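Observations on the model geometry
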Amino acid sequence: MSEEDSQRLLIWGAGAIGGTIGAYLLRGGCDVTFVDVDAGHVTAINERGLSITGPFGEFNVTAPAFTPETLKSQWDTILLCTKAQHTAAAAKALAPHLSPGGVVVSIQNGLNPLIINEHIPPGQVLGSFVNFGADYLEPGVVQYGGRGVVVIGEQDGQLTDRARRVHQMLQHFEPDAVLSPNVFGYLWSKLAYGALLFATAVTNDSIADALARPEDRALYTELGREVMRVALAHGVTPEAFNGFDPAAFLPDAGDAAAQTSLDEMVAFNRRSAKTHSGIWRDLAVRKRTTEVDAQLGWVVHFGAQHAVPTPLNARLIELIHEIEQGTRELGRENLTELRGLLLEEQA
């Protein structure tokens, strides 16, 4: 992959993550093509361009956009930015558009490189971790609400030239982007933070307001600890980011450390124009399935593999499914139920 070719890229999934990153890379001089399964979004981008709104300025970029079935050609660099539950289908669909020796970068929530590896040679798959705030608002419009950590890395931890090139390219979006030998450490930490976000999303509270409630702090702490126990059993070294301190959720860290980390997460989220998680938007606004199986499902899966109990995460997955299916309403009563389970486990 030459320097020139690395600036020509395909973004598969032009929603909150892909749309925001793609727009900034366009402004940075990259040759960007968008792909999205939402035909209305694709039409809007082709007719009016992609508009970015939010506290960092409003601008519009022009780039070709396609639905998967209308796309032609191949690319050396493909950024896969779909929702995690669509990873397998997207990996199959994009495979013919990846040039020999090209690279796919998973810029998603969850351990999605493991899924992409089943459809693309693992040696052509990089991992990435992002924690910025963004929302798809309507066809052709994405809100960039808050900066957050952006990490890129090879699955095996090597600091390769191609990883450096992708890292340099991502700096057009986030100047402080990190090239890491431990991208899976970040992804596992995001699973723990994600467990907290999924818990906030079963209410109508904002992320910051939910995490600030003292009566729920023990619940958030144990959700994080379940994930960290599994991560340690899986041989992962978790990484800190944006107020989430994985060390504070280790089994022997103590409650004070978790309280401090939760306070820092509250402060981080209060600085963002994005008040609620994408999970909450999926449930309350867009009325569609969430990434819960593709995120917390990994925790329960590897927990069972390593004989590490994950009762709170397992029940939280069930609660999310019930809300998705319309048999449960959003509300603080859902956290009350989870707190009851926590008390049973501690008894």
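None of the values given here were measured: they were computed from a predicted structure.

So, about the UniProt feature "domain: Ketopantoate reductase C-terminal" (unreviewed entry) in the protein chain. If you check UniProt for "domain: Ketopantoate reductase C-terminal" (unreviewed entry), the listed places come out as residues 185–324 in our numbering. Across residues 185–324, helical content stands at 66% and strand content at 0%; the span's end C-alpha atoms are separated by 30 Å.

One way to put it is that helix α13 (residues 311–324) packs onto helix α14 (residues 333–346) with a least axis distance of 10 Å and a crossing angle of 155°. Viewed along their axes, α13 and α14 adopt a mutual orientation that is roughly antiparallel. Of the two elements, α13 crosses α14, and the hand of that crossing is right-handed. When α13 is examined against α14, the residues P311, L312, R315, L316, L319 and I323 are found in contact with a partner set consisting of N334, E337, L338, L341, L342 and E345. Broken down by class, the residue content of the contact of α13 with α14 amounts to eight nonpolar, one polar and three charged.

What follows is about the sheet that holds strand β10 (residues 141–146). The sheet built from four strands is open, its strands ordered β4-β3-β10-β9 with mixed pairing. Edge strands, defined here as strands with exactly one partner in the open sheet, are β4 (59–61) and β9 (133–138). Sheet twist, expressed as the mean angle between neighbouring strand axes with direction ignored, is 25°. When strand β3 (residues 50–53) meets β4, the two strands line up antiparallel, connected through three bridges.

Within a sheet, adjacent strands bond to each other through the backbone by hydrogen bonds, running parallel or antiparallel. Spatial ordering of the open sheet is given by β5-β2-β1-β6-β7-β8-β11-β12, a layout of eight strands whose pairing is mixed. Two strands bound the open sheet, and with one partner strand each, they are β5 (65–66) and β12 (178–179). Sitting on the sheet, helix α4 (residues 87–94) is in contact with β1 (8–12), β6 (75–80) and β7 (98–107), with an inclination near 165° to β6. Helix α7 (residues 183–201) contacts β8 (125–130), β11 (150–154) and β12 of the sheet and is inclined by roughly 45° relative to β8.

Moving on, we come to the pattern of salt bridges. Taken as a whole, this structure holds 23 salt bridges when the rule is applied. For E215, the salt bridge goes to R213, with nearest N and O atoms at 3.3 Å. Notably, a salt bridge pairs D216 with R339, separated by 2.6 Å at the nearest N-O pair. Taken together, the positions of D216 in the loop between α8 (207–212) and α9 (217–233) and R339 in helix α14 put the pair 123 residues apart, joining distant regions of the chain. Shared partners join several salt bridges into a network, and the residues in it are D205, R213, E215, D216, R332 and R339.

Okay, the packing of α7 against α13 next. The interhelical angle for the contact between α7 and α13, taken along N-to-C directions, is 40°, at an axis separation of 10 Å. Judged by the angle between their axes, α7 and α13 are oblique. Remark: the crossing between α7 and α13 carries left-handed chirality. Contact residues: A195, F198 and A199 in α7; N313, L316 and I320 in α13. For the contact of α7 with α13, a count of residues per class yields five nonpolar, one polar and no charged.

The subject of this paragraph is the domain arrangement of the protein chain. Looking at the assigned domains, one finds that the protein chain contains domain 1 (3–181) and domain 2 (184–346). Measuring from the centre of the C-alpha atoms in domain 1 to the corresponding centre in domain 2 gives 26 Å. In total, about 2,400 Å² of surface goes out of reach between domain 1 and domain 2, with carbon and sulfur atoms giving 60% of it. Linking domain 1 to domain 2 there are three salt bridges. Along the contact surface separating domain 1 from domain 2 lie 15 residue pairs in polar contact (both at pLDDT 80 or more). At five residues, β9 tops the list of elements feeding residues into the side of domain 1 that touches domain 2. Considered class by class, the residues forming the side of domain 1 that touches domain 2 number 14 nonpolar, 13 polar and three charged.

To continue, consider the UniProt feature "domain: Ketopantoate reductase N-terminal" (unreviewed entry) in the protein chain. Listed under "domain: Ketopantoate reductase N-terminal" (unreviewed entry) in the UniProt record, and renumbered for this structure, are residues 10–156. Secondary structure over residues 10–156 splits into 23% helix and 38% strand, and the C-alpha atoms at its two ends are 24 Å apart.

Attention shifts here to the pairing of β7. The buried fraction of β7 is high, at eight of ten residues. Note: β6 against β7, five bridges, orientation parallel. Directly across from L80, in β7, lies its bridge partner S106. Between β6 and its parallel partner β7, the chain crosses via α4, and the hand of that crossover is right-handed. When β7 meets β8, the two strands line up parallel, connected through four bridges. Note on β8: the bridge partner recorded for V104 is V125.

Reading the values: the criteria
Residues numbered from 1 in each chain as written. Predicted model: local features only at pLDDT ≥ 70, side-chain atom pairs only at ≥ 80, totals over all residues. Heavy atoms only, no water. UniProt positions renumbered as here; feature names shortened; annotations may be inferred. Helix = DSSP H or I, 4+ residues; strand = E, 2+ residues; numbered from the N terminus. Axes fitted to C-alpha atoms, helices over the stretch in contact; angles between N-to-C directions. Parallel < 35°, antiparallel > 145°, perpendicular 65-115°, else oblique. Left-handed = near helix turned anticlockwise from the far one by under 90°. Contact = heavy atoms within 4.5 Å. Nonpolar A, V, L, I, M, F, W, Y, C, P; charged D, E, K, R; others polar. Pairing = 2+ DSSP bridges. Salt bridge = Lys/Arg side-chain N within 4 Å of Asp/Glu carboxyl O. Domains from an automatic or database assignment. Buried area = accessible area lost by both parts, 1.4 Å probe. Polar contact = N/O pair within 3.5 Å; in protein donor to acceptor, adjacent residues only side chain to side chain. Buried < 20%, exposed > 50% of the residue type's maximum accessible area, 1.4 Å probe, protein only. Right-handed = clockwise from strand over helix to strand, strands pointing away.

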